[in-house]
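# Architecture and fold: a report
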Amino acid sequence: MKMKKLYYDVKKCLGCKSCEIACAVAHSKSETLFSAIREEVLSLPRKKVLHHKDKNYPVSCRHCKDPICVDACMAAALVYDKEKGMVFHDESRCVGCWMCVMVCPYGAIRPNVKTKIPLRCDKCQDKDEPSCVKACPTGAILWQEEIELPAAVKGQSPSGTVPCKE
Amino acid sequence: MSDSKQKSIDLATQEILKKAQAENIKTAWDRLESQEPQCGFGQLGLCCTVCDMGPCRIDPFGEGASVGVCGANADTIAARNLVRKVAVGASAHSDHGRDVAHTLSLLSEGHTHDYGISDIEKLKDLAQEFGIDINKTKEEITKALSKKLLEEFGRQEGELVFLKRAPKKRQAIWKKLNIAPRGIDREIVELLHTTTMGVDNDYKNLVNTGLRCALSDGWGGSMVATDLQDVILGAPVPIRGKVNLGVLKENYVNIVVHGHEPILSEMAVKASKDPELIKLAKGVGAEGINLAGICCTANEVLMRHGIPVAGNFLQQELAIITGAVEVMIVDVQCIMPALAEVATCFHTKLITTNPKARFPGVNHIEFKPENAYEVAKQIIKSGIENFTKRNKERVNIPKQEMDLVAGFTKEIIFQILGGKYRATYKPLNEAIISGRLRGLAGVVGCNNPKQTHDYFHTTLVKELIKNDVLVLQTGCSAIACAKHGLLIPEAAKEYAGRGLQEICEAVGIPPVLHLGSCVDNSRILTAASYIIKEGGLGEDLSDIPAAGCAPEWMSEKAITIGFYFVASGVYTVFGASPFATLGSKNLTDYLTKDLESIVGGRFEFCAEPMQMAKIMIEHIDKKRQALKLKPVMYQ
Amino acid sequence: MKQYIIIGNSAAGIAAVEAIRKRDKESKIVVISDEDYPAYCRCLISYYLAQDIKEEKILYRPESFYKENNIELLLNKKVSKVDPRKNRVIFEDKNQLGYDYLLIATGASSKFPQDIPGIKKRGVFGLRTMKDINDIQGLLPITKTACVLGGGLVGLKAAYALRKRGVQVKVVVKSKQVLSQMLDFEAACLLQQRLEENGIEIILGQDVKEIIGEGEIKAVKLDSGKVYGCSLIMVGKGVAPNTDLIKETQIKINEGIIASTLLQTNISNIYTAGDVCESFDLVLGRLCVNALWPVAVEQGRIAGANMAGENINYTGSLGMNSIEFFGLPVISLGIYKIKKEESNLFEELKISDAKAGRYKKLILRDNFLTGVILAGDIKNSGVFLRLIRERINVASFKDRLLQENFGYPDIIDFVKEKESVYV
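Residues numbered from 1 in each chain as written. Chains lettered and ligands numbered in written order. Predicted model: local features only at pLDDT ≥ 70, side-chain atom pairs only at ≥ 80, totals over all residues.

### Section: the overall build of chain C
Looking only at helices and strands, one finds nine helices and 26 strands in chain C. Against the compact-globule benchmark of 22 Å for 423 residues, chain C has a radius of gyration of 23 Å, which places it among compact chains. When the backbone C-alpha atoms are referred to their principal axes, chain C occupies close to 65 × 60 × 40 Å. Looking at chain C as a whole, 47% of its 423 residues qualify as buried. For chain C, restricting intrachain contacts to residue pairs at least 6 apart in sequence, the fraction spanning at least 24 positions comes to 64%. (Helix = DSSP H or I, 4+ residues; strand = E, 2+ residues; numbered from the N terminus. Rg over C-alpha atoms; globule rule 2.2 N^0.38 Å. Buried ≥ 20, exposed ≤ 12 C-beta atoms within 10 Å, placed from the backbone. Contact = placed C-beta atoms within 7 Å.)

### Observations concerning the packing of helix 5 (residues 74–108) of chain B against helix 10 (residues 203–233) of chain B
Residue and element names in this part refer to chain B. Two elements in contact, helix 5 and helix 10, have axes whose closest approach is 8 Å; the angle formed by their N-to-C orientations is 20°. As far as their axial angle goes, helix 10 and helix 5 are roughly parallel. Of the two elements, helix 5 crosses helix 10, and the hand of that crossing is left-handed. Classifying every residue of the contact of helix 5 with helix 10 by side-chain character gives 17 nonpolar, 13 polar and three charged. (Axes fitted to C-alpha atoms, helices over the stretch in contact; angles between N-to-C directions. Parallel < 35°, antiparallel > 145°, perpendicular 65-115°, else oblique. Left-handed = near helix turned anticlockwise from the far one by under 90°. Nonpolar A, V, L, I, M, F, W, Y, C, P; charged D, E, K, R; others polar.)

### As for the interface of chain C and chain A
In this complex, chain C contributes 40 residues to the contact, which on the side of chain A involves 41 residues. For the side of chain C that touches chain A, the elements supplying multiple residues, two or more each, are helix 7 (293–307), strand 22 (320–325), strand 23 (328–334), helix 8 (381–389) and helix 9 (408–411) of chain C. With five residues, helix 8 of chain C is the largest single contributor of residues to the side of chain C that touches chain A. Split into classes, the residues belonging to the side of chain C that touches chain A amount to 22 nonpolar, eight polar and 10 charged.

### Overview of helix 19 (residues 455–466) of chain B
Between its first and last C-alpha, helix 19 of chain B extends 16 Å over 12 residues, near the 16 Å set by a 1.5 Å rise per residue. Just downstream of helix 19 of chain B lies Asp-468 of chain B, where phi reads positive at about 60°. (Expected span 1.5 Å × (residues − 1).)

### Examining the arrangement of the chains
The assembly contains two pairs of chains in contact; the pair sharing the most contacts is chains A and C. Contact between chain B and chain C is absent, and the minimum C-alpha spacing across the pair is 9 Å.

### Here's the deal with the sheet that holds strand 14 (residues 546–550) of chain B
All names here are of chain B. The strand order 13-12-11-14-15-16 describes an open sheet built from six strands, whose pairing is parallel. If you trace the sheet from one side to the other, it starts and ends with strand 13 (512–516) and strand 16 (603–605), each paired once. Taken over all neighbouring pairs, the strand axes of this sheet differ in orientation by 25° on average, direction set aside. By the bridge criterion, four bridges tie strand 12 (residues 469–474) to strand 13 in an arrangement that is parallel. (Pairing = 2+ DSSP bridges.)

### Considering the sheet that holds strand 4 (residues 79–83) of chain C
Residue and element names in this part refer to chain C. On the basis of which strands lie adjacent, the open sheet formed by three strands has the order 4-5-6 and antiparallel pairing. Single-partner strands in this sheet number two, and they are strand 4 and strand 6 (96–98). Between one strand axis and the next, the sheet turns by 20° as a mean value, whatever way the strands run. Where strand 4 and strand 5 (residues 88–91) come together, four bridges link them in antiparallel fashion. Counterpart to Val-82 in the pairing with strand 5 is Val-89.

### Structural notes on the domain arrangement of chain C
Residues and elements named next belong to chain C. Here the domain parsing of chain C yields domain 1 (3–109 + 240–307), domain 2 (124–235) and domain 3 (327–411). Distance from the C-alpha centre of domain 2 to the C-alpha centre of domain 3: 30 Å. If you look at the interface, domain 2 gives eight residues, while domain 3 gives 12 residues. Per-class residue counts for the side of domain 2 that touches domain 3 are five nonpolar, no polar and three charged. (Domains from an automatic or database assignment.)

### Some details on the domain arrangement of chain B
All names here are of chain B. Per the domain assignment, the segments making up chain B are domain 1 (4–57), domain 2 (74–233), domain 3 (245–394) and domain 4 (402–626). Of note, the centres of domain 2 and domain 4, computed from C-alpha atoms alone, are 23 Å apart. Residue-level contacts link 37 residues of domain 2 with 33 residues of domain 4. Counting only elements with at least two residues in the side of domain 2 that touches domain 4, the list comes to helix 5, helix 8 (168–177) and helix 10. The element best represented in the side of domain 2 that touches domain 4 is helix 5, accounting for 15 residues. Partitioned by chemical class, the residues of the side of domain 2 that touches domain 4 number 21 nonpolar, nine polar and seven charged.

### A closer look at unusual backbone geometry
In this structure, Pro-37 of chain B follows Glu-36 of chain B across a cis peptide bond, with omega equal to -5°. Along the polypeptide, Pro-37 of chain B turns up in the loop between helix 3 (28–35) and helix 4 (40–44). That bond from Gly-54 of chain B to Pro-55 of chain B is cis: its omega, 5°, falls within 30 degrees of zero. Backbone geometry at Cys-124 of chain A places phi at a positive 45°, although glycine is not the residue there.

### Focus: the interface of chain B and chain A
Between chain B and chain A, the contact holds 13 residues from the first and 15 residues from the second. Element by element, the count of residues in the side of chain B that touches chain A is highest for helix 4 of chain B, at three residues. Considered class by class, the residues forming the side of chain B that touches chain A number seven nonpolar, four polar and two charged.

### Examining helix 8 of chain C
Among the nine residues in helix 8 of chain C, nine count as buried, and that is most of the element. Turning to helix 8 of chain C, its buried residues number three or more, namely Ser-381, Gly-382, Val-383, Phe-384, Leu-385, Arg-386, Leu-387, Ile-388 and Arg-389 of chain C. Buried residues along helix 8 of chain C sit against helix 4 (99–103) of chain A together with strand 22, strand 23, strand 26 (368–375) and helix 9 of chain C.

Spelled out as structure tokens, the structure:
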């Protein structure tokens, strides 16, 4: 079975950070914005929008097939779940050693120093689709079955290669 | 489009929403859906677009930026954003007031003959307040008064004259806090100035400046509008009318007036009764001309002429979607840009009339007091011509229409409670003192598709009157309750608590009183001042067992009204969604907690109608206790 | 049907087993361990000692792991000798076992400086095995003061754990800073301050000269002559690869067992991985033992795969580590200090904000990143690691490296891999 994955049409990303907010809210206790910002331990987004050369890139865990972070985890808190196509993080085993942060080649795992738990996209497992997808006002975040992207010319993202929607 | 029942509790609205869906016409509810989820930074007030170093955003989760490029923090940014809205809301009401004052000036100079002085008593009362010798001729008084009133807008020093209507203690508080407005325009300009980059960075000071600006609306611009409209167009008296989309008539030329300023719609009322035009209408196969209103323009012509109300804010598009509207005449404020698009789906002609409010591609017939009646006739004539273009197969007028009584003013409350010849607030005060009446609530404001249409207004008001709270209403809130049968005397028996029922039955009033349009919120302020003057309920407006609220608010004007209510000492609760200030805890605490000890009133946000009723009643009871009043007669 | 023997039951051993089983479900695999514990998270034992985690979280794989993967696990068995000529291993008890392929992943052991009188006394421990922890636990109820020898990662982790258990701890550090193998002086000061604020005493520039006490430990005596009372000593003076078992063979050894890029030793059916393995260091450009958990896993995985017939090249390791003490995370990658005489070859980029508890230093040579130290703010560490590993020239975005919003998109045009999520 093909896995659903997050893709980003960076030409459409306006850098509004709505995905960041939606992500933080989705992972808060209350799951509502107005309450989430008042929680004792603040929920933090697992996605960050970074800017590079006139484009904005939402950065979050890609759930690599050969995840270096899983190798690096000295607490066996990370497991690659083949069925779901994702790196599963067992927070109860995590000791906050930041080895995963140290090795993630995308800088997509960020430390939450307060909770000592690294922040990583969990594809909103408890929801029908990731919250960031719903939150994106321009449809720049795509949630769809895995596709092979055409080789990009370095320094230039391929044009006209938006994968077909489900 | 999801369930229409979740969108509105009003059956007529539900019916037309289904029609819209079937015909693939988008309404505000659909557009809200396509806006969701709405921007979190915006909702929290943490996005600043004041200068071009931005736009800047503060991270509400404390991880990213805590200040903008200029160094403004969440408190400053949220406060600036909020009080800018206060300035805009004040400008809308006050500019409306200025136009009425300008009309008075024109008629006093003989430049318009379509208007006159309808209420000479009120003219003289006003003249006296402004120190004008009332023994002069009507023309001289009018001239002098219009000059004085226009001067209130441009006044630079001192205080607005209307502030003297407030109890002495209230005036002293304003003076002490330096929030007594000096001039209507000045306060708006000054407030805007303080919010530009690098001026006021103290959220408390920004709020205080906002309070002063709002007072220049409530006790200034809005009050001018209300009182002068009464002088020129006549003070309303209780009048029966009908409300909801069912007031549109299938075999008539339907003309809908929508917006806020009654100066033009007054002429439309006159023209709709013009025998020559009625004859013309019959000539095209109609039975006559049917004028109906939407929003506050509707409230104005309802209050004075009993013209039926087609609906409130969220029904403006729906009126057109009935397929039975020949012309919709709009002036200013709350006119959805979407109307232009919706109108193109039907034969309906949308006509803008005010040079301040134009739509690209929409027919504009400019209205001036000097040519008012001619313009009104011309527009109605074009409606008659348009009647033949109506596609009868697409007409669907819902059956729902409801009776209501409107036309209550501060003077009328005097008269009906005290009797015409011994006008007094004494019976009202005594009813509260004795506990027959628990207290008063002002329930005002808009509709907001974030909130099930009319649900909050009606649920809240029913609960309030059930607890013997007399409800005073204006604007779209009044229309909401009217549609659900709360504005007829018979409603007292069905919904009101025993004490309120006794009063309503004794004087024959509904348990919910319709005071007019949203500028007529100023009527609530003056009525409250009379209550204090009458005695027995404290020395300041904040002593009265009363609360205010805007359950389904959406407009900047609602924020301004909230600000002048709070600055006048009223506990004021907002529904729908809270102000966009939650991103700043300091500011939100200041508004919802600290302000009470400073101005006597404070804000509260509440998203559930029964809960809102509960906290309003608790506040009323708290005030009753502070006054050491007897317990409420019927618990 | 082949027979694989894996000596070592930790990071590298388990990774190798998994890699073999991925490719070969049939052959026999025997895993030999001289400990009496199924595979556990070795790096977590200090957390366990500190009672930050419960014992059940220490297991690296579920108990059913060996059965499910059809692995014969021999615990408490020490291989004393490898006989490459006869393709067999010889146990301490003289028993023998033959293999087709052998992986030596014997790891390393704590070093105990033998020149300190009293180092062999009861009450002196390393921090390496569950046995160490269990022995320490036995003494904890009567331990009020302890002394840690060495200010390296193990020493500090030991000090942290003891402190957490209410013991007064002094750390005696020979060099002028803590973590001298991982951090520069400035970052070390930041960390030292954090440790001291949390009740761990650190004595710099001193070594223990003698451990005093008859039978039970009473005190340590330092170079300075000062004597500090303590009843427990933990030694964090580094580790040495466990290479005894190949001493008499022709397997090439330097500090550790020398591995080819396929992680083979010079004997073609004998592989090596983990803390015992000396492999190519990407930054130093020479062979080196990088005794690190992530390195061991990667090496084990590649060695296992190659033993099962693959031909995967190991690109090499580099020194890196990550640790957090009392809310201060610290990461270092590659070269962390520049020798004075070479300082003209390197360039340093630095952010230092002691007040905010933040320190970042990047070391570059000819516009290639060679070392990183991050304290307080460790985000993007993996992106820096990638710049080092892939030898990416940073000239065109050098000014961005230490900016708050630097990240993967900045290097997107330079990475080798084909983009897979940005369309």
